[in-house]
Amino acid sequence: LNKIVDLSLRYKLLVLVGFGLVVFLGVRAFLAVPVDAFPDVTPNQVNVYTESPGLAAGDKVVTAGTYALKARIMKSQLGEGHAH
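In this text, all values refer to a predicted model and were calculated from it rather than measured experimentally.

Definitions and cut-offs
Residues numbered from 1 in each chain as written. Predicted model: local features only at pLDDT ≥ 70, side-chain atom pairs only at ≥ 80, totals over all residues. Heavy atoms only, no water. Helix = DSSP H or I, 4+ residues; strand = E, 2+ residues; numbered from the N terminus. Areas by Shrake-Rupley, 256 points an atom, 1.4 Å probe, with all protein chains shown as cover. Expected span 1.5 Å × (residues − 1). Buried < 20%, exposed > 50% of the residue type's maximum accessible area, 1.4 Å probe, protein only. Patch = residues over 30% accessible without salt bridge, like charges linked within 9 Å, V, L, I, M, F, W, Y side chains within 5 Å. Salt bridge = Lys/Arg side-chain N within 4 Å of Asp/Glu carboxyl O.

**Student:** Please explain the overall build of the chain as it appears in this structure.
**Tutor:** Of regular secondary structure, the chain possesses 3 helices and 0 strands. Taken from the N to the C terminus, the helices and strands of the chain come in the order α-α-α. When the accessible surface of the chain is summed, it comes to about 8,000 Å², and 66% of that surface belongs to carbon and sulfur atoms.

Written out as structure tokens, the structure is:
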């Protein structure tokens, strides 16, 4: 470690040029990253349209059938190992 410090102090210009090169390459790489490389953090959504002749929207079809179907679809999209 002492040898690295001694060489760095002796060759200050080389250290500065190397630092500048690393910064330049880092900025160039950052600008080259496409925007879609970042993960999509929006929650999954499932729309289920249930038709049931003779029953209103607030009846058991929606609460028992549609909700259960939505929950099952969401569970299959997330996988069984994920917590919700």
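There is more to say after this.
**Student:** Please explain helix 2 (residues 12–32) as it appears in this structure.
**Tutor:** Two residues of an α-helix separated by three or four positions point the same way, owing to the 3.6 residues in each turn. Taking 1.5 Å per residue, 21 residues should reach 30 Å; helix 2 reaches 30 Å between its end C-alpha atoms and fits that length. Burial within helix 2 is sparse, with just 0 of its 21 residues counted as buried.

**Student:** Looking at this structure, how should I read a nonpolar patch on the surface?
**Tutor:** Taken together, the side chains of Phe 19, Val 23, Val 27, Phe 30 and Leu 31 present a nonpolar region at the surface, about 560 Å² in accessible area. By secondary structure assignment, the location of Phe 30 is in helix 2.

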